[in-house]
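# Structural features, examined
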There are 2 protein chains.
Amino acid sequence: MASSLRTVYTHLVDHVKKYKVLQSVNALLEWDELVMMPNNGADSRGQHKTVVASLTHDLQTNPLIEQYLSQLVELHDPKDISSVRVKSCSESAFNEYEISNIILIHKEYQRNTKIPKELVERASELSSRGYHTWVKARKSSNWSEFAGVMQEWIDIRREMSLLINPSKNVCDTLLDEYDPGMTCEEVDHVFSYIKKELVPLIQSIRKRVQEQPEKYGDEALLSKLQSTNEGTFPVDKQAELAKLVAKDIGFNFEGGRLDVSVHPFSTSFSTDDLRITTRYDTKEFVNGLAGVIHETGHSLYEGGLNRSYAYQPVQSALGTTIHESQSLFWERHVGLSLPFWKKWYPVAEEMFPYLKEKNNSIEDVYRAANVVTLNNFIRIESDELTYPMHVILRFEIEKALFDGSLKVEDVPKAWNQKFKEYLGLDVPSDAKGALQDVHWSSGAFFYFPTYLLGAAASAQIASAIPDFEKHIQENNYPHLKKWLNENIHARGSVTLNSNRLLEEATGQKLNPEIFINYLKNKYSKLYDL
Amino acid sequence: MASSLRTVYTHLVDHVKKYKVLQSVNALLEWDELVMMPNNGADSRGQHKTVVASLTHDLQTNPLIEQYLSQLVELHDPKDISSVRVKSCSESAFNEYEISNIILIHKEYQRNTKIPKELVERASELSSRGYHTWVKARKSSNWSEFAGVMQEWIDIRREMSLLINPSKNVCDTLLDEYDPGMTCEEVDHVFSYIKKELVPLIQSIRKRVQEQPEKYGDEALLSKLQSTNEGTFPVDKQAELAKLVAKDIGFNFEGGRLDVSVHPFSTSFSTDDLRITTRYDTKEFVNGLAGVIHETGHSLYEGGLNRSYAYQPVQSALGTTIHESQSLFWERHVGLSLPFWKKWYPVAEEMFPYLKEKNNSIEDVYRAANVVTLNNFIRIESDELTYPMHVILRFEIEKALFDGSLKVEDVPKAWNQKFKEYLGLDVPSDAKGALQDVHWSSGAFFYFPTYLLGAAASAQIASAIPDFEKHIQENNYPHLKKWLNENIHARGSVTLNSNRLLEEATGQKLNPEIFINYLKNKYSKLYDL
C-alpha cells in the first residue's frame with residue numbers, strides 16, 4: 001500500500017515540478033525585463049510571458065493532478081474545501097514535508113481550477129485598464145475617476161473568493177493568498193493594539209520635534225548624511241559599498257547578482273541563483289544601501305529554503321508576512337543598529353570624501369538613519385514608526401469596503417479623517433492620499449497588512465534569538481543568518497501557516513507587544529522621551 | 001474553399017508560433033547563462049532548459065500539425081519526403097511567404113518526428129560524454145582517445161540522416177541542416193576552385209614575407225597596434241569605442257544590448273530585442289572591436305527579418321551560410337577597409353594614449369588590421385586568406401569519413417598532410433591539428449563549410465551592391481544596411497534555399513570567382529605582389 005502511494009506521490013510531484021520550473025523561467029523573463037531588456041523588447045516579452053503563462057496554466061489545471069490527489073487526500077468537513085488532510089491510512093508513508101506538500105498542491109489546484117476562464121480574463125483586462133485609469137486619476141488627483149475601477153475590483157475579488165471557498169469569509173480568503181492561515185480577526189486584534197500604542201508615541205515625538213527642531217527635526221538630522229548636489233555619492237562607489245555589505249551579511253555572489261532597476265526588488269530562480277536590485281540616488285547613499293540590505297534579507301530566505309524539495313510548493317517561502325519579516329529583520333534590526341553604523345560608516349567615509357568633511361559623530365549618523373519623518377504623506381517614504389499607521393489605515397478601509405460599511409466614493413473622506421487621527425496631518429490631495437499606491441489598481445486587497453505583520457514578526461524573531469543583543473553588538477551576521485536558516489528559511493511552507501511557524505521558532509504566535517516594546521524602547525532613547 | 005484553407009493555415013501557424021516563442025524563451029535562458037548567471041546557477045538552469053525543451057518537443061511533435069499539413073501539402077514524388085509542395089488547388093489562397101512557411105513547417109515536422117526518442121537520447125548522452133572526452137584528448141594531444149567518440153557520432157549522424165530522408169545522400173542531409181538546399185556536389189565545385197586559386201596566392205605571400213620580414217612579417221605589422229602590457233587598452237574604453245562603432249553601423253541600442261562573454265556571440269529574442277557580446281583583451285583592441293562588428297552583422301540580419309511573420313519559420317534566417325555572409329560583410333568588407341580605419345583610428349587614438357604615442361600612419365594600421373598570419377595552426381586565429389584552407393581541409397576529411405574512404409584513426413595523418421599541402425606548415429601535435437575544435441565532439445559535421453560559403457557569399461553581395469566602392473569610401477553604412485535589409489534580411493527563409501536567395505539578390509548563385517578576385521586584388525596590393 002505504502003509503496004503504491006509513494007508512486008502516486010512521485011507522479012504528482014514530478015508533474016507539479018514542471019510548472020514550478022516554468023514559473024521560475026517566467027521569473028527570469030521578468031527579471032530580464034526590469035533589469036536588462038532594451039526598451040523595444042517590451043512587445044515580444046509580452047508574447048514570451050503569454051505563452052509561458054498559458055503552458056503553466058495547462059499544467060496547473062491538468063486533471064491528472066486531481067486524479068493523483070484523490071488517492072492521497074480527503075476532506076475533514078465535506079462542506080469546507082480548505083479542511084483537507086492527507087488520508088489517515090497514508091500518513092505513515094510520508095514525512096511532514098511531504099504531507100504539507102500534498103496539502104499545498106491541493107490548495108493550489110483549488111485556486112487554479114475554481115475560477116472560470118471568463119473571470120480570469122475579466123480580471124486580466126481590468127488589471128491593464130485599472131493601471132492606466134489609476135495613472136490618469138493620480139495625475140489629476142481625482143479619486144472619482146478611479147472609483148469605478150475600484151468597485152469593479154471589489155466585485156471581482158468577492159466573486160473569486162466565494163468560488164475558491166464558499167464557506168469562508170471573503171476577507172480571510174483574500175488575506176490567505178498573501179499570508180496563509182492568517183484571519184481578519186487576528187489582524188484586527190494585532191492592529192488595534194499597535195494603533196492604541198503607536199498613536200500617542202508618535203504624538204510625543206511630534207511634540208519633542210516642535211520644541212527642538214534644530215536637534216530632532218528631520219531636516220537637521222538628514223542633512224548630516226545628504227548633499228544638495230547630484231554626483232556627491234557616485235553610483236559605482238555606492239554599488240561597491242552595497243556589495244561589501246551584502247556579502248558581509250551573507251549574500252553569496254557565486255550564487256547571486258546585484259543590479260540596478262527602477263524599483264528595488266528580489267527574485268530567485270533557485271536557491272543557488274538569487275537576484276537582487278536597488279537604485280542609487282547620487283545625493284545620498286543610505287536609501288540605496290537600505291534597499292540592498294532589505295532585498296538581501298528576502299534573498300537569504302529564498303537561498304535558505306530546503307534544497308531537498310526544490311521546485312515544490314512546500315519549498316516556497318511562507319507568504320509575504322514571513323518574507324517581509326526577513327527583509328525587515330536585516331534592514332531594521334541589523335542595518336539600522338548602532339553597531340552596524342560603527343562598523344560601516346568609516347568605510348563609507350573612505351569612499352565618499354563628502355562624508356569625511358562632514359565629520360559626523362556615530363551618534364549623529366545613527367539618529368539620521370533612524371529619523372522619524374512627521375510631515376510625510378507617502379507610505380513608501382515613511383519610516384519604521386509611521387509606516388504601521390499607513391498600513392492600519394488601509395486595512396480598516398479595505399475591511400469596511402468589503403463588509404459594506406464604506407462606499408467606494410467615500411474612500412478619500414475616510415482616508416483623510418484617519419490620516420489626521422493617526423498621523424496628525426491634513427492630507428492635501430487624493431494624489432498624496434488614497435491614490436498614492438498602485439496596488440488597488442490590480443485588485444491587490446489585504447496585501448498591505450502583511451507589511452506590518454512582517455515588521456512585527458521581525459521584531460519578535462529578533463527578540464527570540466538567544467543573546468541577540470550580544471550578536472548585534474558584535475555584528476555577528478553569520479550567527480544570525482544561521483539561526484534564520486535553521487528556524488525560518490529551511491522550514492519553507494511546511495507549517496502551512498505563519499503563526500504556526502512563529503510559534504515553532506519563537507515560542508508564541510504573533511504578539512504585537514514585542515514589536516511595540518521594541519519601538520518604544522528604541523525611539524524613547526532616540527528622542528529623549 | 002480558400003476561406004477554410006485559410007482557417008487551417010491560421011490554426012497551424014498559431015500552434016507553431018507557440019513553440020517558436022518557447023524557443024525564444026530558451027534563447028534568453030542561454031543568453032543569461034553565458035552573460036549574467038552566477039556560477040552556482042548552472043544546475044537549476046539545466047532544469048529550466050530541460051522543462052522548456054520537453055514542452056517545446058511536445059508542441060513540435062503534436063499530431064495536430066500533421067493533421068493541418070495533410071490538408072495543405074502533397075508530395076511531388078511520393079518516395080521523396082523533401083519533394084513537398086503546397087497543393088495546387090490551394091496555392092492561390094496564399095502569398096509566397098505563406099507558401100514557404102507551410103513547406104518549412106512540414107520540413108521541421110519531419111525532422112522532429114522521424115528520429116525516435118531513443119536515438120535522440122543517445123545523441124544527447126554522446127554530446128556530453130563527447131565533450132569531456134574531447135577536452136581530455138586535446139589536453140593529452142592524443143587523437144586516438146577521441147577516435148571512438150568520433151566513430152559513434154558518424155554512425156549516429158548517418159542513422160539520423162537516413163531516417164530523415166532515406167532517398168537523399170547523408171552528406172546532403174547533414175549540410176542541409178545548416179545551409180538549406182546546399183549539396184555536397186556544389187560545395188565540392190566551389191571549394192575546388194578556391195583551393196586551386198588560393199594555395200598559390202598564399203605561397204607568394206609567404207615568399208614575400210620571407211624576403212622582407214621587417215616590412216611584411218606579422219610580428220612587425222601587429223606590433224603597430226599591440227602592446228606587451230596588460231591594461232594598455234582598458235575594457236571600459238574598448239566597450240565605449242565598440243558601442244560607437246556598432247551604433248554607427250546601425251545597431252539600435254533601444255532594441256539591443258552589447259555585453260561581455262567568454263566567447264563572442266549574438267542571439268535575439270525578437271527583431272526588437274537583439275543581444276550581442278564580445279570579449280576584450282587589454283593588450284590590444286582590434287579583436288574585441290572586430291568581434292563586435294561581426295556580431296553586429298549577425299544581429300542586423302535578425303533585426304531586419306520580416307516583422308509580419310514574427311515567430312514563424314519563414315521569418316527565420318536562412319541558415320548559417322547567409323548568416324555568416326552578414327557578419328563577414330560588416331567585419332571584412334567594412335571593418336577591414338581603409339576608409340573604416342581612416343574614420344575610426346583617430347577616435348581610437350583619442351581613447352588610447354598608447355596609440356597616439358605610436359604615431360602610426362593609416363597605411364600601417366590598415367596593413368596591421370589585414371595581416372596574413374602564416375605560422376598559425378589554429379582556425380579561429382587565422383585570417384581572411386588562410387581561413388578558407390582550414391575549412392576546405394575539414395570538409396574533405398568529413399566527406400571522406402562519410403563515404404568510407406578515410407578511417408577515423410587516420411584523421412590526423414590526413415589532416416597533417418593536407419595542412420602541409422595547403423598552408424605549408426608541419427602540424428606539431430593533434431592538439432594543434434585535428435583536435436583543435438570542439439564541434440566534432442557534438443557531432444556537428446558539414447557545419448564548417450558554411451563559414452567559407454558565407455565568406456564567399458559576403459564578397460559576392462558586396463560586389464552586387466551598386467556603387468559599393470563609392471559607399472565604402474564614404475563609410476555610408478545606412479545605405480549598405482538598407483540594401484541588405486531589403487535584399488537579404490527581409491526575405492528571411494522565403495526562398496527556402498541560399499543559392500536562390502543569392503540569385504535573387506545578386507543575379508547569380510554562389511560564384512567563387514568573385515571571392516577569389518576580391519582576395520587577389522586586395523592582397524596583391526597589400527603584399528606588393
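Keep in mind that this is a model prediction, so the values were computed, not measured.

Bringing the interface of chain B and chain A into the picture now. Each partner contributes to the interface: chain B provides 36 residues, whereas chain A provides 37 residues. Taken together, the two surfaces of chain B and chain A that pack against each other cover about 2,900 Å², and 61% of this comes from carbon and sulfur. Viewed at the interface, chain A and chain B are joined by four salt bridges. One salt bridge connects Asp32(A) with Arg275(B), and the closest N-O pair in it is separated by 2.8 Å. Counting every contact that joins chain B to chain A gives 18 residue pairs in polar contact (both at pLDDT 80 or more). Breaking the side of chain B that touches chain A down by element, the ones donating at least two residues are helix H1 (2-35), helix H2 (42-60), strand S3 (256-260), strand S4 (266-270) and strand S5 (273-278) of chain B. Class assignment of the residues belonging to the side of chain B that touches chain A gives a composition of 16 nonpolar, twelve polar and eight charged.

Moving on: the relation of the copies chain B and chain A. Relative to chain A, chain B is turned by 180 degrees and slid 0.1 Å along the rotation axis, the superposed coordinates differing by an RMSD of 0.0 Å. A rotation of that kind, with that shift, is consistent with a two-fold axis.

Turning to the sheet that holds strand S3 (residues 256-260) of chain A, a few remarks are in order. Residue and element names in this part refer to chain A. Judged by pairing direction, the sheet is mixed, and its three strands sit side by side in the order S3-S5-S4 without closing on themselves. Each of the sheet's edge strands pairs with one partner strand only, and the pair in question is S3 and strand S4 (266-270). For this sheet the average axis-to-axis angle between neighbouring strands, irrespective of direction, equals 20 degrees. As judged from the five bridges shared by S3 and strand S5 (residues 273-278), these two strands associate in the parallel manner. Looking at the pairing, Val260 lines up with Thr278 of S5.

Across the sheet, three strands lie side by side as S3-S5-S4 (chain B); this open sheet has mixed pairing. Whereas interior strands pair on both sides, the edge strands pair on one side only; in this sheet they are S3 and S4 of chain B. Mean inter-strand twist for the sheet, computed between neighbouring axes without regard to direction, equals 20 degrees. The strands touched by helix H2 (residues 42-60) of chain A within the sheet are S4 and S5 of chain B, with S4(B) carrying the most contacts at an inclination of about 75 degrees.

Our focus in this paragraph is the packing of helix H6 (residues 117-139) of chain B against helix H7 (residues 143-164) of chain B. Relative orientation and spacing of two packed helices are given, respectively, by the angle between their axes and the distance between those axes. Residues and elements named next belong to chain B. The N-to-C vectors of H6 and H7 enclose an angle of 155 degrees; their axes lie 10 Å apart at closest approach. In terms of orientation, H6 lies roughly antiparallel with respect to H7. Handedness of the crossing formed by H6 with H7: left-handed. When H6 is examined against H7, the residues Leu119, Arg122, Ala123, Leu126, Ser127, Arg129, Gly130, Thr133, Trp134, Lys136 and Ala137 are found in contact with a partner set consisting of Glu145, Phe146, Val149, Glu152, Trp153, Ile156, Glu159, Met160 and Leu163.

Turning to the environment of Phe265(B), a few remarks are in order. Residues and elements named next belong to chain B. By secondary structure assignment, the location of Phe265 is in the loop between S3 and S4. Look at Phe265 and you get buried, because its relative accessible area is 18%. The spatial distance from the C-alpha of Phe265 to the C-alpha of Tyr451 is 15 Å, given a sequence separation of 186 residues. Leave out the neighbours within four places in its chain, and Phe265 touches Trp31, Leu34, Val35, Arg275, Ile276, Thr277 and Glu295.

Residues and elements named next belong to chain B. With respect to the helices, strands and loops of the structure, Lys432 is situated in the loop between helix H19 (411-423) and helix H20 (449-464). For the pair formed by Lys432 and Glu185, sequence separation is 247 residues and the distance between their alpha carbons is 29 Å. Beyond its immediate chain neighbours, meaning those up to four positions away, Lys432 contacts Phe377, Ile378 and Val427.

Attention shifts here to the packing of aromatic side chains. Residue and element names in this part refer to chain A. Under the counting rule described, the total for this entry stands at 57 aromatic pairs over all chains. Seen in terms of ring centroids, Tyr387 and Tyr451 are 6.0 Å apart; in terms of plane orientation they differ by 75 degrees. Their pairing is edge-to-face. With a gap of 64 residues between them, Tyr387 in helix H18 (residues 387-403) and Tyr451 in helix H20 (residues 449-464) connect regions that are remote in the sequence. Its relative accessible area of 15% is what places Tyr387 among the buried residues. Judged by relative accessible area, which is 14%, Tyr451 ranks as buried.

Attention shifts here to helix H19 (residues 411-423) of chain A. All names here are of chain A. With 13 residues, H19 should cover 18 Å at 1.5 Å per step; its first-to-last C-alpha distance of 17 Å lies within 8% of that length. Within the span of H19, buried status applies to Val411, Pro412, Ala414, Trp415, Lys418, Phe419, Tyr422 and Leu423. Axial view of H19: buried residues confined to an arc of 155 degrees, hence all on one face. Facing away from the buried surface of H19 by more than 90 degrees, the exposed residues are Lys413, Gln417 and Glu421. Those residues of H19 that are buried lie in contact with helix H7 (143-164), helix H9 (184-211) and H18.

Below, the discussion takes up the domain arrangement of chain A. Residues and elements named next belong to chain A. Looking at chain A, the domain boundaries give domain 1 (1-114) and domain 2 (230-373 + 450-527). Each of domain 1 and domain 2 has a C-alpha centre, and these two points are 30 Å apart. Across the contact, 23 residues belong to domain 1 and 22 residues belong to domain 2. Summed over both partners, the interface of domain 1 with domain 2 comes to about 1,900 Å²; 66% of that surface belongs to carbon and sulfur atoms. The tally of links between domain 1 and domain 2 comes to one salt bridge.

Turning next to helix H24 (residues 512-526) of chain B. Residues and elements named next belong to chain B. Along its 15 residues, H24 runs 21 Å from first to last C-alpha, staying within 8% of the 21 Å computed at 1.5 Å per residue. Where the residues of H24 are buried, they touch helix H9 (184-211), helix H10 (213-216), helix H14 (319-334), helix H17 (362-369), helix H18 (387-403) and H20. For H24, the N-terminal capping position is held by Asn511, with its side-chain oxygen 2.9 Å away from the main-chain nitrogen of Glu513. After H24 finishes, the residue Asp528 shows a positive phi value of roughly 45 degrees.

Attention shifts here to the UniProt feature "active site" (unreviewed entry) in chain A. Residues and elements named next belong to chain A. When the UniProt feature table is mapped onto this chain, "active site" (unreviewed entry) is found at Glu295. Relative to the helices and strands, Glu295 resides in helix H13 (residues 286-303). Owing to a relative accessible area of 8%, Glu295 belongs among the buried residues under this scheme. Apart from the residues lying within four places of it in its own chain, the contact partners of Glu295 are Pro264, Phe265, Ser266, Ile276 and Thr277.

Turning our eyes to something else, we now look at the packing of helix H3 (residues 63-72) of chain A against helix H5 (residues 96-114) of chain A. All names here are of chain A. Where H3 contacts H5, the axes come no closer than 11 Å and their chain directions differ by 140 degrees. Classified by the interaxial angle, the pair formed by H3 and H5 is oblique. The crossing of H3 and H5 is left-handed. Contacts between H3 and H5 pair Pro63, Ile65, Glu66, Leu69 and Leu72 from the former with Ile102, Ile105, His106 and Tyr109 from the latter. A per-class count over the contact of H3 with H5 returns seven nonpolar, one polar and one charged.

Scoring rules and cut-offs
Residues numbered from 1 in each chain as written. Chains lettered and ligands numbered in written order. Predicted model: local features only at pLDDT ≥ 70, side-chain atom pairs only at ≥ 80, totals over all residues. Heavy atoms only, no water. Contact = heavy atoms within 4.5 Å. Buried area = accessible area lost by both parts, 1.4 Å probe. Salt bridge = Lys/Arg side-chain N within 4 Å of Asp/Glu carboxyl O. Polar contact = N/O pair within 3.5 Å; in protein donor to acceptor, adjacent residues only side chain to side chain. Helix = DSSP H or I, 4+ residues; strand = E, 2+ residues; numbered from the N terminus. Nonpolar A, V, L, I, M, F, W, Y, C, P; charged D, E, K, R; others polar. Least-squares fit on C-alpha atoms with pLDDT ≥ 70 in both. Pairing = 2+ DSSP bridges. Axes fitted to C-alpha atoms, helices over the stretch in contact; angles between N-to-C directions. Parallel < 35°, antiparallel > 145°, perpendicular 65-115°, else oblique. Left-handed = near helix turned anticlockwise from the far one by under 90°. Buried < 20%, exposed > 50% of the residue type's maximum accessible area, 1.4 Å probe, protein only. Phe/Tyr/Trp six-rings, centres within 6.5 Å; stacked < 30°, edge-to-face > 60°. Expected span 1.5 Å × (residues − 1). Arc of directions from axis to C-beta. Domains from an automatic or database assignment. UniProt positions renumbered as here; feature names shortened; annotations may be inferred.

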